[in-house]
Amino acid sequence: LVGFIVAISSQSVRSKVRAFINENFYSYKYDYRLEWQRFISTLSLDQNSSGPERVLRTLTNLLDSPGGVLWVRREGWSQFLPLAYWSLAEAFGPVETDDELLSLFNNPDVDFVELAARSTPQVALWRRRFPNAWLAVPMRFREELVAFALLQKPRAGRQLDWEDRNLLKLTALELGAHLVHEHMAQLLSDTQQLAEFNKRV
C-alpha cells in the first residue's frame, strides 16, 4: 500500500498511467484510414511540384501549419539544402551535416522537437536560429537522417499528444522513404536518358 501511494505521488508514474488509459480505453482522435487517404492524395496529386515541395505540403497539411521549410541531403552531400518553402518569404541557408543544431536528431527516439515546449541547450539553439518556428521534424531512411522540416505555429493552438506523436512518426518515416525513392528514380531516369543520348550519338 505504501509503495502504491509513493508510486501514485510520482508525476512521471501518473503521466504513464494517464497515457496507458488514454491509449487503451478511449476512442482515437484520428480516423487513420482518412488520414492516410489524405496523406496519399496530397503527396501524389500535384505532379507539377517537386518531390520536396509535395513532402513539405503534406506535412503542413497534417499539422494545420501555415508554412514551413524543408532541408534535404542527398548522397555525397555534406550539407542539408533548403529545397522547399511554403508560405515563407524568409531566406534560409544550408545546414552542415555536423552542425550542432542536428545533434537532437542523433537520438532515433526523437520524432519531433516542439521548440516552445521545453528549454534545453539544443532547443535554445534552434530558437535562436529560427525564432518564429514551432516544430522541427526529422525524416529518416534506414535510421539515417535524410531531411528535416521546420514548421510555423498552427492556425489554431494545439497541444501535441501521444496520438500526434504516433501519426507524425509514421508520416515522417514514409516521407523520408518517399524523398529517397523519388531521388533514386530521378537518377535512374537521367542515367537512361544519358545512355540513350550516347547511343544516338
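Everything here concerns the structure above.
About the thresholds
- Residues numbered from 1 in each chain as written.
- Predicted model: local features only at pLDDT ≥ 70, side-chain atom pairs only at ≥ 80, totals over all residues.
- Heavy atoms only, no water.
- Helix = DSSP H or I, 4+ residues; strand = E, 2+ residues; numbered from the N terminus.
- Buried < 20%, exposed > 50% of the residue type's maximum accessible area, 1.4 Å probe, protein only.
- Contact = heavy atoms within 4.5 Å.
- Areas by Shrake-Rupley, 256 points an atom, 1.4 Å probe, with all protein chains shown as cover.
- Salt bridge = Lys/Arg side-chain N within 4 Å of Asp/Glu carboxyl O.
- Core = buried A, V, L, I, M, F, W, Y, C linked by side-chain atoms within 4.5 Å.
- Expected span 1.5 Å × (residues − 1).
- Patch = residues over 30% accessible without salt bridge, like charges linked within 9 Å, V, L, I, M, F, W, Y side chains within 5 Å.
- Pairing = 2+ DSSP bridges.
- Axes fitted to C-alpha atoms, helices over the stretch in contact; angles between N-to-C directions.
- 1 Å grid on protein atoms, 1.4 Å probe; cavity = no way out; pocket = protein on both sides within 12 Å on 5 of 7 lines; lining within 4 Å.
- Points joined across faces, edges and corners; volume = space filled by probe spheres on them.
- Nonpolar A, V, L, I, M, F, W, Y, C, P; charged D, E, K, R; others polar.

K.L.:
Please explain the overall build of the protein as it appears in this structure.
P.N.:
Secondary structure assignment for the protein yields 6 helices and 6 strands. Helices (α) and strands (β) of the protein occur, in sequence order from the N terminus, as α-α-α-α-β-β-β-β-α-β-β-α. By residue count, 37% of the 201 residues in the protein fall in the buried class. Sequence-distant contacts, at least 24 apart, represent 57% of the contacts inside the protein between residues at least 6 apart. Total accessible area computed for the protein in this model is approximately 12600 Å², and 54% of it derives from carbon and sulfur atoms.

K.L.:
Explain the pattern of salt bridges to me, please; I cannot follow it from the model alone.
P.N.:
If charged atoms from side chains of opposite charge come close, those side chains can pair. For the structure shown, the criterion picks out 5 salt bridges. Arg 54 is the partner of Glu 182 in a salt bridge, and the nearest nitrogen-oxygen pair spans 2.4 Å. Here Arg 54 lies in helix H4 (residues 51-63) and Glu 182 lies in helix H6 (residues 162-200), a separation of 128 residues in the sequence. On the basis of relative accessibility, which here comes to 27%, the residue Glu 182 falls in the partly exposed class. Residue class for Arg 54 comes out buried when judged on its relative accessible area of 5%.

K.L.:
Just checking my understanding: could you explain the nonpolar core for this structure?
P.N.:
Side chains of nonpolar character tend, in soluble globular proteins, to be buried together. Core analysis: the biggest nonpolar cluster contains 28 residues, and Leu 59, Leu 63, Leu 70, Leu 135, Met 139, Leu 151 and Leu 168 have the highest contact counts within it. In terms of residue count, the dominant contributor to this core is H6 (7 residues). Counting residues in each nonpolar core, the second largest holds 21 residues, with Phe 92, Leu 102, Val 110 and Leu 145 among its members.

K.L.:
Even after reading the chapter, I still don't get H4, so can you show me in this structure?
P.N.:
In an α-helix, one turn spans 3.6 residues; hence positions three or four apart end up facing the same way. With 13 residues, H4 ought to run about 18 Å at 1.5 Å a step, and its terminal C-alpha atoms sit 19 Å apart, in line with that. Burial runs high along H4: 10 of the 13 residues are buried. Turning to H4, its buried residues number three or more, namely Gly 51, Pro 52, Arg 54, Val 55, Leu 56, Thr 58, Leu 59, Thr 60, Leu 62 and Leu 63. Following H4 by one or two positions, Asp 64 has its phi on the positive side, about 55°.

K.L.:
Please explain a nonpolar patch on the surface as it appears in this structure.
P.N.:
Taken together, the side chains of Leu 1, Phe 4 and Ile 5 present a nonpolar region at the surface, about 400 Å² in accessible area. For Phe 4, a relative accessible area of 57% translates into the label exposed.

K.L.:
Mind showing me how you'd approach the sheet that holds strand S4 (residues 113-114) here?
P.N.:
Strand pairing in a sheet is mediated by backbone hydrogen bonds. Such pairs are either parallel or antiparallel. Spatially, 6 strands are ordered S3-S2-S1-S6-S5-S4 in an open sheet, and the strand pairing comes out antiparallel. Only two strands of the sheet have a single neighbouring strand rather than two, namely strand S3 (95-96) and S4. Sheet topology places S4 next to strand S5 (residues 135-141); 2 bridges connect them, and they run antiparallel. If you follow Val 113 over to S5, its bridge partner there is Ala 136. Contacting strand S1 (68-72), S5 and strand S6 (144-151), H6 runs over the sheet at an angle of about 55° to S5.

K.L.:
Would you take a moment to explain the layout of surface pockets for this structure?
P.N.:
Empty space among the atoms becomes visible once a probe the size of a water molecule is rolled across them. Reported here for the largest pocket is a volume of approximately 370 Å³. Lining the largest pocket are 15 residues, with Arg 74, Glu 75, Phe 141, Val 146 and Val 180 positioned closest to its centre. A per-element tally of the lining of the largest pocket places H6 first, with 6 residues. Looking at the lining of the largest pocket residue by residue, the classes come out as 8 nonpolar, 2 polar and 5 charged. Of the volumes computed, that of the second largest pocket is approximately 230 Å³. If you trace the second largest pocket, you find it lined by Pro 108, Asp 109, Asp 111, Pro 138, Met 139, Arg 140, Phe 141, Arg 142, Glu 143, Lys 169, Ala 172 and Leu 173. Each residue belonging to the lining of the second largest pocket can be placed in one class, and the counts come to 6 nonpolar, no polar and 6 charged.

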